[in-house]
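Architecture at a glance
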Amino acid sequence: MLTAGPSLCRFGVYRISSSIGDRRDASAILKHAPHKLSAAAIVELAPKRVQPYLKLMRVDKPAGTWLLYWPCTWSIALASPPGATLNWGVLIAWSHLAPNELNTVIPLFIANVLHTVIYDTIYSHQDKADDIVAGVKSTALLFGDSTKYWLTGFATLMVSGLTVTGALVGQTWPYYCMLGATAAQLSWQIGTLKIDEPDDCWTKFRSNQWLGAMLFVGIVAGNLLRKQEREEEEQEQHRHLSAQ
């Protein structure tokens, strides 16, 4: 049997289950779905030989790609020495950039884990009816009607972890400004979340890619300002030594 809910079709996301009596291709759904360009639709319309590679690249799920990408960029940018943030060509780990400061990354790691729990719980609320039928466990079912209270606690700890990380690496005011914007975005997500409306859950879930972008901009701007301040301090010290 092949099924596709209306709300899922609008976003190009399809749940496909097959049985011996009824097997059809996912392209059949696309013919009846609203004509709206989406990442999943592009993958389905691509040649069959190319589709596995596109799915391996997660082209059909760009939101997931960004949610995986941003925590990596946060750690790389925060671990980079001033001036190196904009020049890295290969994604490398914090342990390579700052091997003697691994304790600094612990609050950042915890913050990333909490962020994952937040957006994954929101996402899971879309499928909780199916999860109950299938017997699948999820944080959406675990937290239930208390979801907002749990997410508020996780968001508070997440922002606290990012604040501690910023303090440990000597971040400057642009970072904390964007961290404040990140906290505001989380407050909006959780405060206006409607856990029984899949469309709203999807909107809030997707908004996390912009949350990641905001914080990354703050990290880059903070590093640039930190570099400038250190250069000014070095110049002042040089003038002081020259005067002596």
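Now for a quick tour of the structure. Only a predicted model underlies this, so the values are computations on that prediction, with no experimental measurement involved.

**Comments concerning the overall build of the protein**
Helix and strand counts for the protein stand at 13 helices and 0 strands. Taking all 244 residues of the protein together, 39% fall into the buried category. A separation threshold of at least 6 residues defines the contact pool for the protein, and within that pool the share at least 24 residues apart is 60%. When the accessible surface of the protein is summed, it comes to about 14400 Å², and 63% of that surface belongs to carbon and sulfur atoms.

**Digging into helix α11 (residues 173-191)**
For α11, with 19 residues, the first-to-last C-alpha span of 26 Å sits near the 27 Å given by 1.5 Å per residue. What α11 keeps buried is the set Pro174, Tyr175, Leu179, Thr182, Gln185, Leu186, Gln189 and Ile190. Taken down its axis, α11 places every buried residue within 140 degrees of arc, on the same side.

**A short note on a nonpolar patch on the surface**
Taken together, Ile106, Phe109, Ile110 and Val113 make up a surface patch of nonpolar side chains, about 380 Å² in accessible area. Position of isoleucine 106 among the secondary structure elements: in helix α7 (residues 102-124).

**Some remarks on the environment of phenylalanine 205**
Among the structural elements, phenylalanine 205 can be located in helix α12 (residues 198-206). In this structure the C-alpha to C-alpha distance between phenylalanine 205 and aspartate 120, which are 85 residues apart in sequence, comes to 7.7 Å.

**Digging into the environment of asparagine 103**
Assignment of secondary structure puts asparagine 103 in helix α7. By relative accessible area, which is 53% here, asparagine 103 ends up exposed.

**Observations regarding the pattern of salt bridges**
Summed over all chains, the structure comprises 2 salt bridges. One salt bridge in this structure joins aspartate 200 and lysine 204, with 3.0 Å as the shortest N-O distance. Of the two residues, aspartate 200 and lysine 204 both sit in helix α12, 4 residues apart, roughly one turn of that helix. Using a relative accessible area of 3% as the deciding quantity, one classes lysine 204 as buried.

**Looking at the packing of helix α10 (residues 147-168) against α11**
Across the interface, α10 lies against α11 with an axial gap of 10 Å and an inter-helix angle of 175 degrees. One finds that α10 runs roughly antiparallel with respect to α11. Contacts between α10 and α11 involve Lys148, Leu151, Thr152, Ala155, Met158, Val159, Leu162, Thr163, Gly166 and Ala167 from the former and Tyr175, Tyr176, Leu179, Ala183, Leu186, Ile190 and Gly191 from the latter. Its residues assigned to classes, the contact of α10 with α11 shows 12 nonpolar, 4 polar and 1 charged.

**Thoughts on the nonpolar core**
Of all hydrophobic cores here, the largest spans 25 residues; its most connected members are Ile118, Ile122, Leu151, Met158, Leu162 and Leu186. Contributing elements (two or more residues each) for this core: α7, α10, α11, α12 and α13 (208-243). Apart from the residues within four sequence positions on either side, leucine 186 is in contact with Ile118, Ala155, Met158, Val159 and Leu211.

**Observations concerning the packing of aromatic side chains**
Summed over all chains, the structure comprises 8 aromatic pairs. Relative to tryptophan 202, the ring of tyrosine 123 lies with its centre 6.2 Å away and its plane at 55 degrees, an arrangement referred to as tilted. Of this pair, tyrosine 123 sits in helix α7 while tryptophan 202 sits in helix α12; the two residues are 79 residues apart in sequence, bridging distant segments of the chain. Both rings, one in tryptophan 202 and one in phenylalanine 205, keep their centres 5.7 Å apart while their planes meet at 35 degrees; by these two values the pair is tilted. Within this pair, tryptophan 202 and its partner phenylalanine 205 are both found in helix α12, separated by 3 residues, close to a single helical turn. For the pair tryptophan 202 and phenylalanine 205, a shared accessibility class is recorded, and that class is buried. Taking the ring centre of tryptophan 188 as reference, the NZ or CZ of lysine 204 above it sits at 5.1 Å.

**Notes on the environment of threonine 203**
Mapped onto the elements of the fold, threonine 203 is located in helix α12. For the pair threonine 203 and glutamine 189, spaced 14 residues apart in sequence, the C-alpha to C-alpha distance is 9.1 Å.

Reading the values: rules and limits
- Residues numbered from 1 in each chain as written.
- Predicted model: local features only at pLDDT ≥ 70, side-chain atom pairs only at ≥ 80, totals over all residues.
- Heavy atoms only, no water.
- Helix = DSSP H or I, 4+ residues; strand = E, 2+ residues; numbered from the N terminus.
- Buried < 20%, exposed > 50% of the residue type's maximum accessible area, 1.4 Å probe, protein only.
- Contact = heavy atoms within 4.5 Å.
- Areas by Shrake-Rupley, 256 points an atom, 1.4 Å probe, with all protein chains shown as cover.
- Expected span 1.5 Å × (residues − 1).
- Arc of directions from axis to C-beta.
- Patch = residues over 30% accessible without salt bridge, like charges linked within 9 Å, V, L, I, M, F, W, Y side chains within 5 Å.
- Salt bridge = Lys/Arg side-chain N within 4 Å of Asp/Glu carboxyl O.
- Axes fitted to C-alpha atoms, helices over the stretch in contact; angles between N-to-C directions.
- Parallel < 35°, antiparallel > 145°, perpendicular 65-115°, else oblique.
- Nonpolar A, V, L, I, M, F, W, Y, C, P; charged D, E, K, R; others polar.
- Core = buried A, V, L, I, M, F, W, Y, C linked by side-chain atoms within 4.5 Å.
- Phe/Tyr/Trp six-rings, centres within 6.5 Å; stacked < 30°, edge-to-face > 60°.
- Lys NZ or Arg CZ within 6 Å of the ring centre and 35° of its normal.

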